[in-house]
Amino acid sequence: MTIIKGKTVLLTGASRGLGVYMARNLAKEQATVVCVSRSESGLAQTCAEINGLGGKAISIPFDVRNLEGLSNLAQQVNEVAGPVDILINNAGIEIHRIFADYSLEEIQSVLTTNLLSVMELTRQFLPSMLERRSGHIVNIASLAGKKGVAYSSIYSASKAGLIMWTDAIRQELAASGIKVSAICPGYVCEAGMTVDSCVPIPKLAGASKPINVANAIIKAIKRNEVEVIINENVILEYFTKQMFAIGQISPRLVDYMYRWMGVVELNQKRVESLEKSEYLGIDSPHK
Ligand SMILES: NC(=O)c1ccc[n+]([C@@H]2O[C@H](COP(=O)([O-])OP(=O)(O)OC[C@H]3O[C@@H](n4cnc5c(N)ncnc54)[C@H](OP(=O)(O)O)[C@@H]3O)[C@@H](O)[C@H]2O)c1
């Protein structure tokens, strides 16, 4: 069992959504949390809350799409907080579109934020972890990486890539003392990118509470879990796993199930909602 107390954790995507719940939980475990995101004000709010509760949080505003700059970020983190014990790659974006309507810039932005930055940031922290023969890399993926999701194909591809890359490096690092986990939440209610799109989540798909996602991440770190599927309750988690297993034999059947559960319709509505806000000139925080 890993003890989180006293550890230094680098958490990306800490300015809003699930990251805030993760930061709170890590602070409760008495870790030092280095919070990274673009929004200075969002980070300041997260850090103020944690420091106000007697925890220790440090804010470093940074755009993880700046791949060449990630070595500077790593250096900055080392200077202010010392070596990182746990890296939680949580920053992520989702842009809903009919595939042919994506711009190249949108495709690059999703893949860079959700996949390339994770690889590069991990690469920056690995040498120090290898030297110490300890460390934990926790990648926040999604159920969208286990089965393709219509109208969110680039996000799905980024998360599928993240899950496979996590799987590969976990095996590669098996004897190194470094642990690697993939966390795959389904839809999340109350906070985060699904709620912010203002389209109701279909009942049959399930919707986890953000606190339960954050609790599952703490458990995954403590128990060194390999891949964690998170849904609203254990029954839906079991159903989800069974469905993915069936999908290996009959992907078309699971296509049908996704339609029946309302997942395809939900994302169609999210495309319409995004297009409407773009038409009205409302900037999405999820880009
Ligand atoms: N909510 C869900 O339903 C759900 C389900 C499955 C998986 N997930 C995954 O969980 C993670 C967190 O999602 P969420 O729901 O909390 O989303 P969210 O509310 O949109 O928050 C995303 C976080 O990522 C940060 N971020 C985005 N682009 C960034 C960039 N270029 N550089 C640095 N930080 C950046 C954002 O901060 P700034 O905008 O300040 O940069 C924000 O803190 C994501 O990886 C997501 O894919 C979410």
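Overview of the structure. These numbers were taken from a predicted model, which means no experiment stands behind them.

### A short note on the overall build of the chain
Counting its regular elements, the chain contains ten helices and seven strands. Taken over the C-alpha trace, the chain has a radius of gyration of 18 Å; the compact-globule value for 287 residues is 19 Å, and the two agree within 12%. With respect to the principal axes defined by its C-alpha atoms, the chain has extents near 50 × 45 × 35 Å. Looking at the chain as a whole, 52% of its 287 residues qualify as buried. Contacts spanning at least 24 positions in sequence make up 70% of the contacts within the chain whose residues lie at least 6 apart. Accessible area for the chain stands at about 13700 Å²; split by element, carbon and sulfur atoms hold 55% of it. The positive charge centre, built from 29 side chains, and the negative charge centre, built from 27, are 7 Å apart in the chain.

### Here's the deal with the site of the ligand
Among the 31 residues in the neighbourhood of the ligand, the closest are listed as Arg16, Leu18, Arg38, Tyr155 and Thr194. Within the backbone of Val64, an N or O atom sits 2.9 Å from a nitrogen atom of the ligand. One of the backbone N or O atoms of Val188 is found 3.1 Å from an oxygen atom in the ligand. Those elements that place two or more of their residues in the shell around the ligand are helix H5 (153-172) and helix H6 (193-196). Residues that form the shell around the ligand fall into these classes: 13 nonpolar, 13 polar and five charged.

### Description of the sheet that holds strand S2 (residues 32-37)
Across the sheet, seven strands lie side by side as S3-S2-S1-S4-S5-S6-S7; this open sheet has parallel pairing. A strand with exactly one partner marks an edge of an open sheet, and here the two such strands are strand S3 (56-61) and strand S7 (227-230). Here the strands of the sheet are splayed against their neighbours by 15 degrees on average, with no regard to which way each runs. Along the sheet, helix H2 (residues 40-52) makes contact with S2 and S3, crossing S3 at roughly 175 degrees. Taken strand by strand, helix H4 (residues 104-132) contacts strand S1 (8-12), strand S4 (86-89), strand S5 (135-140) and strand S6 (178-185), and its axis lies near 175 degrees from that of S4.

### Here we look at the packing of aromatic side chains
Scanning the entire structure with this criterion turns up one aromatic pair. Centre to centre, the rings of Phe99 and Tyr102 are 6.3 Å apart; their planes meet at 55 degrees, and the pair counts as tilted. Geometry around Tyr21 places Arg24 over its ring, the cationic atom sitting 5.0 Å from the centre.

### Some details on the packing of helix H1 (residues 18-28) against helix H7 (residues 210-223)
One way to put it is that H1 packs onto H7 with a least axis distance of 9 Å and a crossing angle of 50 degrees. With respect to their mutual orientation, H1 and H7 come out oblique. As for how H1 packs across H7, the hand of that crossing is right-handed. Of the residues in H7, those touching H1 at Leu18, Tyr21, Met22, Asn25 and Leu26 are Pro210, Ile211, Val213, Ala214, Asn215, Ile217 and Ile218.

### Remarks on the packing of H4 against H5
Interhelical geometry of H4 versus H5 gives an angle of 15 degrees and a closest axis separation of 8 Å. In terms of orientation, H4 lies roughly parallel with respect to H5. Judged by the twist between their axes, the crossing of H4 over H5 is right-handed. When H4 is examined against H5, the residues Ile107, Val110, Leu111, Asn114, Leu115, Val118, Met119 and Thr122 are found in contact with a partner set consisting of Ile154, Tyr155, Ser158, Lys159, Gly161, Leu162 and Trp165.

### A few points about the pairing of S6
Here S6 lies mainly inside the structure; seven of its eight residues are buried. Sheet analysis places S5 next to S6, joined by six bridges and oriented parallel. Paired with Ile137 across the two strands is Val180, which belongs to S6. Assessed by its sense of winding, the connection that carries the chain from S5 through H5 to S6 is right-handed. Of the pairings in the sheet, the one linking S6 to S7 comprises four bridges and is parallel in character.

### Let's talk about the pairing of S5
A large share of S5 lies buried, amounting to six of its six residues. Neither face of S5 is exposed, since Gly135, Ile137 and Asn139 on one face and His136, Val138 and Ile140 on the opposite face are all buried.

### A few points about the pattern of salt bridges
This structure, assessed with the given rule, holds 13 salt bridges. When the shortest N-O distance is used, the salt bridge between Arg24 and Glu49 registers 2.5 Å. In this pair, Arg24 is assigned in helix H1 and Glu49 in helix H2, connecting sequence segments 25 residues apart. Two residues, Glu190 and Lys209, come together in a salt bridge whose shortest N-O distance is 3.3 Å. Taken together, the residues Glu190 in the loop between S6 and H6 and Lys209 in the loop between H6 and H7 connect sequence positions 19 residues apart. Given a relative accessible area of 51%, Glu190 falls into the exposed group.

Quick notes on the rules
- Residues numbered from 1 in each chain as written.
- Predicted model: local features only at pLDDT ≥ 70, side-chain atom pairs only at ≥ 80, totals over all residues.
- Heavy atoms only, no water.
- Helix = DSSP H or I, 4+ residues; strand = E, 2+ residues; numbered from the N terminus.
- Rg over C-alpha atoms; globule rule 2.2 N^0.38 Å.
- Buried < 20%, exposed > 50% of the residue type's maximum accessible area, 1.4 Å probe, protein only.
- Contact = heavy atoms within 4.5 Å.
- Areas by Shrake-Rupley, 256 points an atom, 1.4 Å probe, with all protein chains shown as cover.
- Lys, Arg positive; Asp, Glu negative; His and termini not counted.
- Charge placed at Lys NZ, Arg CZ, Asp CG, Glu CD.
- Near = heavy atom within 4 Å.
- Polar contact = N/O pair within 3.5 Å; in protein donor to acceptor, adjacent residues only side chain to side chain.
- Nonpolar A, V, L, I, M, F, W, Y, C, P; charged D, E, K, R; others polar.
- Pairing = 2+ DSSP bridges.
- Axes fitted to C-alpha atoms, helices over the stretch in contact; angles between N-to-C directions.
- Phe/Tyr/Trp six-rings, centres within 6.5 Å; stacked < 30°, edge-to-face > 60°.
- Lys NZ or Arg CZ within 6 Å of the ring centre and 35° of its normal.
- Parallel < 35°, antiparallel > 145°, perpendicular 65-115°, else oblique.
- Left-handed = near helix turned anticlockwise from the far one by under 90°.
- Right-handed = clockwise from strand over helix to strand, strands pointing away.
- Salt bridge = Lys/Arg side-chain N within 4 Å of Asp/Glu carboxyl O.

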